[in-house]
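A structural walkthrough
Single-letter residue listing:
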Amino acid sequence: MVCSQAIRQGLMHWLVKRVKSRGFDANKLYASEVLAILLQNSDEIRRVLGDLNGVDILLQSLAVYKRRDPASSEEIELMENMFDCLCLSLMQPSNRGKFLDGEGPQLMILMLKEKKHSFSAALKVLDHAMANVEGTANCTKFVDVFGLRTVFPLFMKTPKKKVRRNTSKREHEEHISSIVASLFRNLTGAHRQRLVNKFLENDFEKIDRLMELHENYHQKIVLADRDIEIERRRLGNQVDADKEDDFYLRRLDAGLFTLQRIDYIIAEVTVHGDAGGRQRVYKLLSQHGDNIRTVKKVLREYADNVGDAETDKSVIRDAERHRVADLLSQM
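Residues numbered from 1 in each chain as written. Predicted model: local features only at pLDDT ≥ 70, side-chain atom pairs only at ≥ 80, totals over all residues. Heavy atoms only, no water.

On to the overall build of the protein chain, then. Of regular secondary structure, the protein chain possesses 19 helices and 0 strands. For 331 residues, the compact-globule estimate of 2.2 N^0.38 gives 20 Å, and the C-alpha radius of gyration of the protein chain, at 21 Å, lies within 12% of that figure. In terms of its C-alpha atoms, the protein chain occupies a principal-axis envelope of roughly 60 × 55 × 40 Å. In the protein chain, which comprises 331 residues, the proportion classed as buried is 49%. The long-range share in the protein chain, meaning contacts at least 24 apart out of those at least 6 apart in sequence, stands at 72%. Within the structure as shown, the protein chain displays about 16500 Å² of accessible surface, and the carbon and sulfur contribution to it stands at 49%. (Helix = DSSP H or I, 4+ residues; strand = E, 2+ residues; numbered from the N terminus. Rg over C-alpha atoms; globule rule 2.2 N^0.38 Å. Buried < 20%, exposed > 50% of the residue type's maximum accessible area, 1.4 Å probe, protein only. Contact = heavy atoms within 4.5 Å. Areas by Shrake-Rupley, 256 points an atom, 1.4 Å probe, with all protein chains shown as cover.)

Listed below in structure tokens is the structure:
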């Protein structure tokens, strides 16, 4: 109701106009806060933002932070609000194309290179822009503008806290693994081969890092599963479907979400890489008393739980399940 009124009464047009204004002032900060709230729960508001050229306006407003930091705590809040608005707008598929047309991938890559206050927010935006099938064009552009050169150093080594600012190490690794997984899902032809080759170069150093991440997050889930099993035994017959869902959400929060992306990348490298890459994966798993069945188990669970029939598009959900099943059959 509020969202519909915001559209009919011209509030959205006014908010976008205020965000577009040059420099910093309190009204611009308040406008960014209200806009972020409206965008959180309404596909209609996200669509209207795109129709008002809002995605391009947000990109232009954020471009001033690619080589300089905000001058005050209030301006930091403004910048973060605008990044939140951009991420929320990208939940509307039609806005992904507007992000591409506004050279969003290039701007985010520049921000990653400069390592200013906008660094972690730019990484989060790329994660949103490249996710799912709607992110295909942005994934292709990302490779075309040499984004692999920028993202893989961040994959190989998590930046120091000074660079990440308020973003935790786990959040950084989640965004990086999600971006690489999205690239594997969406790229084809020569673009995909460039991605695969990254994992095969320099004596498989990126596979070594990938398996290090797998082991780290696998151990987090082992500990979470141990705690859940204790609770399961204590509750006995009281464990119903809702409680099982709660257990799964707790495992996702403990690191399962990131582990699923990491293991998806492992599957892609194992299936589409060369024999040397596959052997490196098997060898590193064996060194930890593990084998490829652990990776398969994580991916099967992911396929079983991906999406929700009531809230997600069934075509997209089924396509993802088919993709994972195809990978599993080839591993």
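Next, the rest of the story.
Our next topic: the packing of aromatic side chains. Each pair of aromatic rings is reported with the distance of its centres and the angle of its planes. Tallied over the entire structure, the rule returns 4 aromatic pairs. With 5.8 Å between their ring centres and 75° between their planes, Phe152 and Phe155 make a pair best called edge-to-face. Pair noted here: Phe152 and Phe155 are both in helix H11 (residues 147-156), with a separation of 3 residues, about one helical turn. Side by side, Phe152 and Phe155 carry an identical accessibility label, which is buried. Considering the side-chain rings of Phe152 and Phe199, the 5.4 Å spacing of their centres and the 85° angle between planes classify their relative orientation as edge-to-face. One end of the pair, Phe152, is in helix H11; the other, Phe199, is in helix H14 (residues 189-200), and 47 residues separate them in sequence. Given the relative accessible area of 3%, Phe152 is considered buried. On the basis of relative accessibility, which here comes to 0%, the residue Phe199 falls in the buried class. (Phe/Tyr/Trp six-rings, centres within 6.5 Å; stacked < 30°, edge-to-face > 60°.)

What follows is about unusual backbone geometry. In the Ramachandran plot, Asn132 falls in the positive-phi region, its phi being about 60° despite a non-glycine side chain. By the element assignment, Asn132 lies in the loop between helix H9 (119-130) and helix H10 (136-144). Assessed through its relative accessible area of 45%, Asn132 is described here as partly exposed. At Asp203, a residue that is not glycine, the phi angle is positive and equals roughly 55°. Structurally, Asp203 is set in the loop between H14 and helix H15 (205-235).

Here we take up the pattern of salt bridges. With the rule as written, the count across this model stands at 27 salt bridges. With a shortest N-O distance of 3.0 Å, Arg18 and Asp25 are connected by a salt bridge. A relative accessible area of 25% places Asp25 in the partly exposed class. Residues joined in a network through salt bridges with shared partners are Glu231, Arg234, Lys243, Asp246 and Arg250. (Salt bridge = Lys/Arg side-chain N within 4 Å of Asp/Glu carboxyl O.)

Bringing helix H18 (residues 292-305) into the picture now. Under the 1.5 Å per step criterion, the end-to-end length of H18 is 20 Å for 14 residues, consistent within 8% with the ideal 20 Å. Among all positions in H18, only Ile292, Thr294, Val295, Lys296, Val298, Leu299, Tyr302 and Ala303 are buried. Those residues of H18 that are buried lie in contact with helix H13 (169-186), H15, helix H16 (241-272), helix H17 (275-287) and helix H19 (314-330). The opening residue of H18 is Asn291, an N-cap whose side-chain oxygen sits 2.8 Å from the backbone nitrogen of Arg293. (Expected span 1.5 Å × (residues − 1). Polar contact = N/O pair within 3.5 Å; in protein donor to acceptor, adjacent residues only side chain to side chain.)

Further remarks concern the nonpolar core. Soluble globular proteins tend to bury their nonpolar side chains together. By size, the foremost hydrophobic cluster in this structure holds 93 residues, and its most contacted members are Leu86, Phe99, Met108, Leu183, Phe184 and Phe199. Here this core takes 11 residues from H16, the largest share from any one element. What Phe99 contacts, discounting residues up to four positions off in sequence, is Val55, Leu59, Leu86, Leu90, Gly104, Pro105, Met108, Val125, Ala129 and Asn138. (Core = buried A, V, L, I, M, F, W, Y, C linked by side-chain atoms within 4.5 Å.)

Next up on the list: a nonpolar patch on the surface. On the surface, a cluster of nonpolar side chains totalling about 250 Å² of accessible area is made up of Leu11, Trp14 and Val34. Turning to its location among the elements, Val34 is positioned in helix H3 (residues 26-40). You can call Val34 partly exposed: its relative accessible area is 35%. (Patch = residues over 30% accessible without salt bridge, like charges linked within 9 Å, V, L, I, M, F, W, Y side chains within 5 Å.)

Our next topic: a negative patch on the surface. Together, Glu74, Glu77, Glu80 and Asp84 make up a region of like negative charge exposed at the surface. With respect to the helices, strands and loops of the structure, Glu77 is situated in helix H6 (residues 73-89). Residue Glu77 is classed as partly exposed on the basis of its relative accessible area of 33%. (Lys, Arg positive; Asp, Glu negative; His and termini not counted. Charge placed at Lys NZ, Arg CZ, Asp CG, Glu CD.)

Quick look at the confidence of the model for the protein chain now. Per-residue pLDDT for the protein chain averages 93, and the proportion of residues at 70 or more is 96%. Taken element by element, the predicted model of the protein chain shows its lowest mean pLDDT in helix H1 (residues 2-8) (65) and its highest in H10 (98). (pLDDT = per-residue confidence, 0-100.)

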